[in-house]
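Residue strings, one per chain:
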Amino acid sequence: MSVWMAETLIATTLLMAMVMMLRRPVARWLGAGAAYWLWLLPLARMLLPTLPREVAAPSPLHNVVDQAGLPALLEIAPSPAPQAAATSIPWLEMAIGLWALGVVLFLVVQAIGYARFRRDILAGSTPLGEEGRIRLITSPQASGPLAFGIFRPYIVLPADFGLRYDVQEQDMAIAHERAHHERGDLAANMVALLLLALHWCNPVAWIAYRAYRADQETACDARVLSLYGQDQAHAYGRAILKAAGGRQFAGACHLTRITTLKGRLKMLSSHETSLKRISWGMAAVARVVATGLALTASGSRAAQQMAAITDKVDQADFAKLTNLVSQPVSAREALPQAAPVPAAAPMPAAAPVAHADRVPPAPPVPPVPATDIVPPVPPVPPVPPVTVRSEPGRVIVTHANGRVETHRIPTEAEIARMVPVVDVREGCEGDKVTSHREFVDANGRRNIRVRICERAIEAQARKAERIAMLNARDAERMSRNAERAGRNAARAGLTAARAQIAASRMPESDRAEALRDIDQELADLDRNPD
């Protein structure tokens, strides 16, 4: 492991702790979006290369590492003699191997878990439609609305989505998950998991990951409220509470995560950020990122350190781990050959100096350290700026000045009291089709009672059917009356025309033919009176 890698892991840990200290004040004064963008700082530091001497002076973190003697601790020692190498313990190779094994195992577990989650959530799902590239589906495995997928994005809704949420809550829940896709939160979560894999043995990184996911959801809530207005915060809070509970998956963005429920509900009651504050927030985030990178950059031994990384890693011989396992057998085999060494010790003094081939080889020259490496002083452990300790039910943050902050985590019982109990079943209360009643039980939990009266629905259906039949009967009667009136008018007209033709002075043959036709029409009308 190189000094640059050690400095990078230490620097990202300190920056995670710094972001956890700043996130709440930044969210309160500059908005939830600014607090979310602060998490770019550890990632940017992880990707920051070693800066050359001509570009940047030594950073404060670099000076602390030098004074603590970390460069000398991580330097590869000169190759020892064969017998000494066989009996020494390869601590460096063991540490690198253990760390690399943990990284691989973490990534494998996350990949398998995501594959199983995707298979289970798509099994038995029903497609609802598409919004651009985003596919909307319902799944019986989803306890609440969630979003997943980077190259094939999905928004998954629970099977009872239409019954559990009203129209306004449905629109806001879908807008929340759509915002995750539009902001690229799913890709950001994969990068965060990769960074967490490199810090798999670091408890600060695990706490920071949970805080990052909480800030991500809060920033998404702020975006939804900016679209629908602050007056819809109550409806949005109901949607969040209805989605609480169920299993959470690292590769997806859920509408509600139990660990962030309390903070998000508090944010809904105080979300009001002006455009001026947002502008100042973005500027402050950029300033904090630049300052954090400058204070933790690896900068004083730039060229030599960057060029020596490959050599140091190459010198780490992982075959020593195999030799360590087989060391007892090798030691027993080497004992008979090592016995004659004391008797042969005076031979170099008696050998002639003139023969060059008998001169013993010179001992290996130790490598010359870089010119800018200061000889290590006795290690002094650096004073951490903040200590974060997690205990059941709370998180304790101890600052360098001795100030202690305790953040309480709500218990499952308290969260259960926040989530209402919704009881929907068949039942009649009066003549109403549906009845709705809310009350608070003895445990302080809000209950919502909904009754749907099938008897009233059937009565309304029968009434509508009876009205439809009466209307059809009236229409038929009116049609018959109109037909009868038309037939009477036609008969009267034909009778008057016959009288006029009979009294006219037209030729006898023409009159007879006209009268015959009129009589035929009158006969047809008389044969079909209705």
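As a convention, each chain's residues are numbered from 1 in the sequence order in which they are written. It should be noted that, the model being predicted, local features are given only for residues of pLDDT at least 70 and side-chain atom pairs only at 80 or more, the latter also being counted only at that level, while totals for whole chains, interfaces and linings use all residues. Side-chain figures throughout are based on the complete set of non-hydrogen atoms in the structure, without hydrogens or water.

Engineer: Got a sec to walk through the confidence of the model for the chain? Specific residues and values, please.
Structural biologist: Looking at the chain, the pLDDT average stands at 75 and 67% of residues meet or exceed 70. For every residue, the predictor states its confidence as a pLDDT score lying anywhere from 0 to 100. Contacts are assigned to residue pairs with any non-hydrogen atoms lying within 4.5 Å of each other. Here residues 81-86 is a poorly scored stretch, pLDDT under 50, and it has two contacts once near neighbours within four places are set aside; other chains count.

Engineer: Hey, could you go over the environment of I457 for me, with residue numbers and the actual values?
Structural biologist: By secondary structure assignment, the location of I457 is in helix α20 (residues 454-503). Buried residues are those whose accessible area, probed at 1.4 Å on protein chains only, stays under 20% of the maximum for their type, while exposed residues exceed 50% and partly exposed ones sit between those limits. Overall, I457 belongs to the partly exposed group, its relative accessible area being 39%. As a C-alpha pair, I457 and T434 span 23 residues in sequence and 9.2 Å in three-dimensional space. Once residues lying within four places of it in the same chain are set aside, the contact partners of I457 are V433 and I452. The way it works is that DSSP assigns letters per residue, a run of H or I at least four long becomes a helix, a run of E at least two long becomes a strand, and they are numbered from the N terminus.

Engineer: Mind laying out the pairing of strand β4 (residues 154-158), listing which residues take part and the relevant values?
Structural biologist: The side chains of a regular strand alternate between the sheet's two faces. Burial analysis of β4 places five of its five residues in the buried class, which makes it a mostly covered element. Both faces of β4 are covered, namely the face carrying Y154, V156 and P158 and the face carrying I155 and L157. Each pair of strands is called paired provided DSSP finds at least two bridges between the two strands. As paired strands, strand β2 (residues 134-139) and β4 are joined by five bridges and run parallel to one another. Its bridge partner lying in β4, L136 is registered against I155.

Engineer: Outline the environment of I240, listing residues and values.
Structural biologist: Along the chain, I240 turns up in helix α12 (residues 233-242). I240 sits in the buried class, given a relative accessible area of 0%.

Engineer: Talk me through the sheet that holds strand β9 (residues 421-426); I want residue IDs and the actual numbers.
Structural biologist: Here three strands make up an open sheet; going across it, the order is β9-β11-β10 and the pairing mixed. The outermost strands of the open sheet, each flanked by one partner alone, are β9 and β10 (434-440). Ignoring which end each strand starts from, the neighbouring axes of this sheet average 15° apart. Across seven bridges, β10 lies against strand β11 (residues 446-452) in antiparallel orientation. Looking across to β11, one finds that R437 is bridged to R449. Axes, fitted as lines to C-alpha atoms, cover a helix only where it is in contact. Angles between the N-to-C directions of the axes lie from 0 to 180 degrees.

Engineer: Run through the pattern of salt bridges, naming residues and quoting values.
Structural biologist: For this analysis, a salt bridge means a side-chain nitrogen from Lys or Arg found within 4 Å of a carboxyl oxygen belonging to Asp or Glu. One pass over the structure, following the stated rule, counts 18 salt bridges. A salt bridge links D160 to R164; the shortest N-O distance between them is 2.9 Å. On the basis of relative accessibility, which here comes to 34%, the residue D160 falls in the partly exposed class. Counted as one network, the salt bridges with shared partners bring together D166, E169, R238 and K242.

Engineer: Talk me through the sheet that holds strand β8 (residues 404-408); I want residue IDs and the actual numbers.
Structural biologist: With antiparallel pairing, three strands are arranged side by side in an open sheet as β6-β7-β8. Only two strands of the sheet have a single neighbouring strand rather than two, namely β6 (386-391) and β8. Between one strand axis and the next, the sheet turns by 15° as a mean value, whatever way the strands run.

Engineer: How would you summarise helix α3 (residues 40-47) if you had to cite specific residues and measurements?
Structural biologist: Here α3 has its buried residues at L41, P42, R45 and M46. Along α3, the residues classed as buried sweep out an arc of 135° about the axis, all on the same side. It is the directions from the helix axis to the C-beta atoms whose arc is reported.

Engineer: Could you give an account of the side chain of R23, naming the residues involved and the relevant values?
Structural biologist: Relative to the helices and strands, R23 resides in helix α1 (residues 3-30). What qualifies as a polar contact is a pair of N or O atoms within 3.5 Å, subject to a donor-acceptor requirement within protein and to the restriction that residues adjacent in sequence count only when both atoms come from side chains. A polar atom in the side chain of R23 sits 2.9 Å from the side chain of D215. Setting aside anything within four residues of it in sequence, one finds R23 in contact with A35, L38, W39, A211, A214 and D215.

Engineer: Can you explain the packing of α3 against helix α10 (residues 185-198)? Please cite residues and give values.
Structural biologist: Contact geometry for α3 and α10: axes closest at 11 Å, N-to-C directions at 60°. As far as their axial angle goes, α10 and α3 are oblique. The crossing of α3 and α10 is left-handed. For the pair α3 and α10, contact is made by P42, L43 and M46 and by V191, L195 and L198, respectively. Each residue belonging to the contact of α3 with α10 can be placed in one class, and the counts come to six nonpolar, no polar and no charged. Put simply, angles under 35 degrees are roughly parallel, angles over 145 are roughly antiparallel, angles from 65 to 115 are roughly perpendicular, and the rest are oblique. The handedness criterion is simple: a crossing whose near helix is rotated anticlockwise from the far helix by less than a right angle is left-handed, and one whose near helix is rotated clockwise is right-handed. Following the grouping adopted for this structure description, the nonpolar residues are Ala, Val, Leu, Ile, Met, Phe, Trp, Tyr, Cys and Pro, the charged ones are Asp, Glu, Lys and Arg, and the polar ones are all others, Gly among them.

Engineer: Any details on the environment of F161? Residues and values, ideally.
Structural biologist: Following the sequence through the fold, F161 ends up in helix α8 (residues 161-164). The exposure class assigned to F161 is buried, which follows from its relative accessible area of 7%. Sequence-wise, F161 and T138 are 23 residues apart; in three dimensions their C-alpha atoms are separated by 8.3 Å. Not counting residues within four places of it along the chain, the set of residues in contact with F161 comprises P145, Q170, A173 and I174.

Engineer: Could you give an account of the state of the cysteines, with specific residues and numbers?
Structural biologist: Here a disulfide denotes one covalent bond, and it connects the sulfur atoms of two cysteines. Counting rule for disulfides: a pair of cysteine sulfur atoms within 2.5 Å. Tallying each qualifying case throughout the model produces one disulfide. Residue pairing for C428: its cysteine sulfur links by disulfide to C453, the two sulfurs lying 1.9 Å apart. Torsion about the S-S bond of the C428 and C453 cystine: about 85°, corresponding to right-handed handedness. You can see C428 sitting in the loop between β9 and β10 and its partner C453 sitting in the loop between β11 and α20, a full 25 residues away along the chain.

Engineer: Kindly report on the nonpolar core, identifying the contributing residues and their values.
Structural biologist: Within the largest apolar cluster, 31 residues are counted, with the highest numbers of intra-cluster contacts made by M16, M20, V26, W39, L196, Y209 and Y212. Of all the elements in the fold, those that place two or more residues in this core are α1, α2 (32-37), α3, α7 (91-122), α10 and α11 (203-228). With nine residues, α11 is the single largest residue contributor to this core. Discounting residues that sit within four places of it in the chain, M20 has contacts with W39, V204, I207, A208, A211 and V388. Counting 18 residues, the second-largest nonpolar core is a separate cluster that includes I155, Y165, A173 and A243. Buried residues of nine kinds, namely Ala, Val, Leu, Ile, Met, Phe, Trp, Tyr and Cys, make up a nonpolar core once their side-chain atoms join them within 4.5 Å.

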